[in-house]
Amino acid sequence: MSGPNVSDTTSSSGSGELRGVWFSYLDWMEMPSDPKAFQEKTDLIMEDIRSKGLNAIFCHVHSHSDSYGKKLKTFPESNLVPTKKTAPEFDPLSYMIDSAHKHGLSFHAWLNPYRVTGYAKKWEDVPADSFLNTWVNNGNVLLHDGEYYLNPARKEVQDLLVSAVKEVVTSYPVDGVQFDDYFYPELSDRQSFDYSDYESSGSSKSLTEWRRDNVSALIRSVHEAVHEGNPKAVFGVSPVPLLSSLRSDKAYFVDIDLWMSSNQYVDYIMPQIYHGFEAKTGKGVSAPHAYATCLSDWIKLKDKLQSPVKLCVGLALYKCNTDTWDGNETPEWLRYSDIISREIQYARNTGAVSGFGVFAYQNFDDEEKQEELNNMKKVFS
């Protein structure tokens, strides 16, 4: 079923439009452990991505302070690399990059900056000889609500992450580096996590400003490292969608206004606007995260700051044809099969959007997503 027209005109994609899909550690876990089978499946994946009208893959290379490439030594090799035990000399990341390029796709190395554990990884999965075991005792790794994080306040952590990025862009022919939304965790108790570092720093800034400075210092250094390592590569961040969330004094600590006002932090920003046009609040009124409203807020910010940063949009394929709550009696995701395609068209019609990211590759084979994917393919092809 098609949804309502969101514009009377539909502009075609401009040259250079980024159209990528996220390939996560969950997708890595589904890859074969035999090198030949891994190569064959990789080629099929790249063909599949290309056939959908996409031109890029955002692939995990560091998901939980671990690595997915044989040439990456800053972090220990991930237990999620399928060929780690069966073929320890085989470099799956190298093959994936080569295959992407052969199929006309750009390859963006996707990193979660501070995350150590969560979802598929527990502390027990950290290798016994990993430096992280020492860092958990010296404050460079912090425990919060049952999960471990690298400490954003520590210079050793920032230096490590910058080194990891340098290693990626100099060891492999990647076309870009991307961070997603794993920055500071939510800190309802503001005097927790890295608060002792704040106290010992002697900073005259507020705790919120100090934490934002920690993140911004890392982002600026990573941007510089990417361009020094490969002048043709780009660095982008894919944050949560609401500007009010990014400006919160309880989580993320992302100084989005600073990043967007300069060319020194990110080349593109890709907010995860994983919501439909009709999203409502619990009170039944249009939500601030509803797609058109949220995108408009980003465009207004870009215009206000005369930002040199390219604006892209993350889209929620994973929600399509599901009963994900969106404030409606019957979720929008169940009522329409062309939400993604309409969101792409709407964004293009603003003239302010330079690309898209689709979350996630693991949903490409879902039977209930096929109609949405076919409609997406029509506007991308």
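Residue indices begin from 1 for each chain and proceed along its sequence in written order. Only residues with pLDDT of 70 or above have their local features reported here, since the model is predicted, and side-chain atom pairs are shown and tallied only from 80 upward, although totals for entire chains, interfaces and linings are computed over all residues. Think of the side-chain values as coming from all heavy atoms in the structure, minus any hydrogens and water.

## Considerations on the overall build of the protein chain
Consideration 1: Segments assigned H or I by DSSP are reported as helices when at least four residues long, segments assigned E as strands when at least two residues long, and all are numbered from the N terminus. A count of helices and strands for the protein chain gives 13 helices and 10 strands.
Consideration 2: In terms of C-alpha radius of gyration, the protein chain reaches 21 Å, essentially the compact-globule figure of 21 Å for 381 residues.
Consideration 3: Principal axes of the C-alpha set define a box for the protein chain whose edges measure 60 × 55 × 40 Å.
Consideration 4: Three exposure classes are used, based on accessible area relative to the maximum for each residue type with a 1.4 Å probe and protein chains only: buried under 20%, partly exposed in between, and exposed over 50%. By the burial criterion, 57% of the 381 residues in the protein chain qualify as buried. When we talk radius of gyration, it's over C-alpha atoms, and the globule rule is simply 2.2 Å times the number of residues to the 0.38.

## With respect to the pairing of strand β4 (residues 141–144)
Consideration 1: We call two strands paired when DSSP finds no fewer than two bridges between them. Bridge count for β4 against strand β5 (residues 147–150) is four bridges, and the pairing is antiparallel. By the bridge assignment for β5, valine 141 is matched with leucine 150.
Consideration 2: Between the end of β4 and the start of β5, which pair antiparallel, lie two residues, with aspartate 145 showing a positive phi angle near 50°.

## Let's talk about the side chain of histidine 108
Consideration 1: Tracing the backbone through its elements, the reader meets histidine 108 in strand β3 (residues 106–111).
Consideration 2: Assessed through its relative accessible area of 4%, histidine 108 is described here as buried.
Consideration 3: In protein, a polar contact means a hydrogen-donor-capable atom and an acceptor-capable atom, both N or O and within 3.5 Å, with residues adjacent in sequence counting only if both atoms are side-chain atoms; elsewhere, any N or O pair within 3.5 Å suffices. In terms of polar contacts, histidine 108 uses its side chain to reach the side chain of serine 106, at 3.4 Å.
Consideration 4: Residues count as neighbours in contact if any of their non-hydrogen atoms are within 4.5 Å of one another. Those residues in contact with histidine 108 that sit more than four places away from it in its chain are Leu18, Ala56, Ile57, Phe58, Cys59, Asp175, Gly176, Val234 and Tyr268.

## Some remarks on the pairing of β3
Consideration 1: Most of β3 is tucked away: six of the six residues are buried.
Consideration 2: Where burial is concerned, the two faces of β3 agree: the one with Ser106, His108 and Trp110 and the one with Phe107, Ala109 and Leu111 are both buried.
Consideration 3: With six bridges joining them, strand β2 (residues 56–62) and β3 adopt parallel strand pairing. If you follow histidine 62 over to β3, its bridge partner there is leucine 111.
Consideration 4: Whether a crossover is right-handed comes down to one check: with the strands pointing away from the viewer, does the path from the first strand over the helix to the second run clockwise; if it does, it is right-handed. A crossover links β2 with its parallel partner β3, the connecting element being helix α3 (residues 92–102), and its sense is right-handed.
Consideration 5: The pairing of β3 with strand β6 (residues 176–179) spans four bridges and is parallel. Residue pairing in the sheet places tryptophan 110 in a bridge with glutamine 178 of β6.

## Topic: the confidence of the model for the protein chain
Consideration 1: Residues of the protein chain with pLDDT of at least 70 account for 97%, and the chain-wide mean is 95.
Consideration 2: Segment residues 7–14 is flagged for pLDDT under 50; beyond a separation of four residues in sequence, or across chains, it makes nine contacts in the model. By definition, pLDDT measures how confident the predictor is in each residue, and it falls between 0 and 100.

## A few points about the pattern of salt bridges
It is possible for side chains bearing opposite charge to pair when their charged atoms get close.
Consideration 1: For this document, the term salt bridge refers to a Lys or Arg side-chain nitrogen within 4 Å of an Asp or Glu carboxyl oxygen. Under the defined criterion, the tally for this structure stands at 12 salt bridges.
Consideration 2: Residue glutamate 77 pairs with lysine 70 through a salt bridge whose shortest N-O separation is 3.1 Å.
Consideration 3: One salt bridge in this structure joins arginine 154 and aspartate 197, with 2.6 Å as the shortest N-O distance. Of this pair, arginine 154 sits in the loop between β5 and α5 (155–171) while aspartate 197 sits in helix α6 (residues 195–201), and the two are 43 residues apart along the sequence.
Consideration 4: Of the residues examined, aspartate 197 reaches a relative accessible area of 13% and is grouped as buried.
Consideration 5: Through salt bridges with shared partners, a single ionic network connects Glu17, Arg19 and Arg348.

## Some words on the sheet that holds strand β9 (residues 310–316)
Consideration 1: In space, the eight strands of this closed barrel follow the order β1-β2-β3-β6-β7-β8-β9-β10, with parallel pairing throughout.
Consideration 2: Its contacts with the sheet place helix α12 (residues 339–350) against β1 (18–23), β9 and β10 (353–359), and it is angled at close to 165° to β10. Angles shown run from 0 to 180 degrees and are taken between the N-to-C directions of axes, each axis being a line fitted to C-alpha atoms and, for helices, limited to the stretch in contact.

## Quick notes on the side chain of asparagine 230
Consideration 1: By the element assignment, asparagine 230 lies in the loop between α7 (207–229) and β7 (234–237).
Consideration 2: Asparagine 230 sits in the buried class, given a relative accessible area of 19%.
Consideration 3: Residues in contact with asparagine 230, not counting those within four places in the same chain, are Val169 and Val174.

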